[in-house]
Amino acid sequence: MKHLSRHTTRTGVALLLFSLFSSPTTAVEQPQKVDAALAVTRQAYVYLHEHPELGKKEFKAHDYLVAQLAALGLDDIRMASALPTAIVAILDTGIPGPTIAFRAEMDARPLELGVDEPESHNPRSLVPG
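Residues numbered from 1 in each chain as written. Predicted model: local features only at pLDDT ≥ 70, side-chain atom pairs only at ≥ 80, totals over all residues. Heavy atoms only, no water.

**Considering the pairing of strand β2 (residues 83-90)**
Move 1: Inspection of the sheet shows strand β1 (residues 76-80) paired to β2 by four bridges, in the antiparallel sense. Paired with Ile77 across the strands is Ala89, a residue of β2.
Move 2: From the end of β1 to the start of β2, which pair antiparallel, there are two residues. (Pairing = 2+ DSSP bridges. Helix = DSSP H or I, 4+ residues; strand = E, 2+ residues; numbered from the N terminus.)

Shown next as structure tokens:
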């Protein structure tokens, strides 16, 4: 599961950016918004590490992230019937300019049978390995 943190970090970055740009802010408000966004990102990082799911079976991660995106104020969240764990969240600022897309992986890598998660892995999975 050593690759899990790389994937969840990308998911966290996407959540952070969505939360930062989900509504216009002034320069004075920006530091508080960054602090709040970092808290949401850290919570997602911990949740995804503690509840790992294998590829195409990330149903808990999917539901968790949809709830987090909705809590950040994103109201255009779409699902793909062919990919039930995929999430597409659209943030339209109304400001003309380029379109930016973020892609993140949420799946864990299976451990070999009889091999425990490395002691240095933090946060640790709540799923016995």
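**Overview of the packing of aromatic side chains**
Move 1: What the rule picks out here adds up to one aromatic pair.
Move 2: Where Tyr47 meets Tyr64, the ring centres are 4.1 Å apart and the plane angle is 5 degrees; that geometry is what we call stacked. With Tyr47 in helix α2 (residues 30-50) and Tyr64 in helix α3 (residues 59-71), this residue pair connects regions lying 17 residues apart in the sequence. (Phe/Tyr/Trp six-rings, centres within 6.5 Å; stacked < 30°, edge-to-face > 60°.)

**Some remarks on the packing of α2 against α3**
Move 1: Following both chains from N to C, one finds α2 and α3 inclined at 170 degrees, their axes separated by 11 Å at the closest point. As the angle between them shows, α2 and α3 are arranged roughly antiparallel. Within the contact between the two elements, α2 uses Val40, Gln43, Ala44, Tyr47 and Leu48 and α3 uses Lys60, Ala61, Tyr64, Leu65 and Gln68.
Move 2: The residue inventory of the contact of α2 with α3, partitioned by class, reads seven nonpolar, two polar and one charged. (Axes fitted to C-alpha atoms, helices over the stretch in contact; angles between N-to-C directions. Parallel < 35°, antiparallel > 145°, perpendicular 65-115°, else oblique. Contact = heavy atoms within 4.5 Å. Nonpolar A, V, L, I, M, F, W, Y, C, P; charged D, E, K, R; others polar.)

**Topic: the nonpolar core**
Move 1: Grouped together as the largest cluster of nonpolar side chains are seven residues: Ala44, Tyr47, Leu48, Ala61, Tyr64, Leu65 and Met106.
Move 2: Looking at this core, the elements with two or more residues in it are α2 and α3. (Core = buried A, V, L, I, M, F, W, Y, C linked by side-chain atoms within 4.5 Å. Buried < 20%, exposed > 50% of the residue type's maximum accessible area, 1.4 Å probe, protein only.)

**Quick word on the pattern of salt bridges**
Move 1: Per the counting criterion, the structure on display carries three salt bridges.
Move 2: Of the charged contacts, one joins Asp107 and Arg109 as a salt bridge, the two residues approaching to 2.9 Å between their closest N and O atoms.
Move 3: Using a relative accessible area of 28% as the deciding quantity, one classes Arg109 as partly exposed. (Salt bridge = Lys/Arg side-chain N within 4 Å of Asp/Glu carboxyl O.)

**A closer look at the environment of Glu117**
Move 1: For Glu117, the position within the fold is in the segment after β2.
Move 2: Classification of Glu117 as buried rests on a relative accessible area of 8%.

**Side note on α3**
Move 1: Counted at 1.5 Å a residue, the expected span for α3 with its 13 residues is 18 Å, and the 18 Å between its end C-alpha atoms agrees.
Move 2: Backbone geometry just downstream of α3 places Gly73 in the positive-phi region, at approximately 100 degrees. (Expected span 1.5 Å × (residues − 1).)

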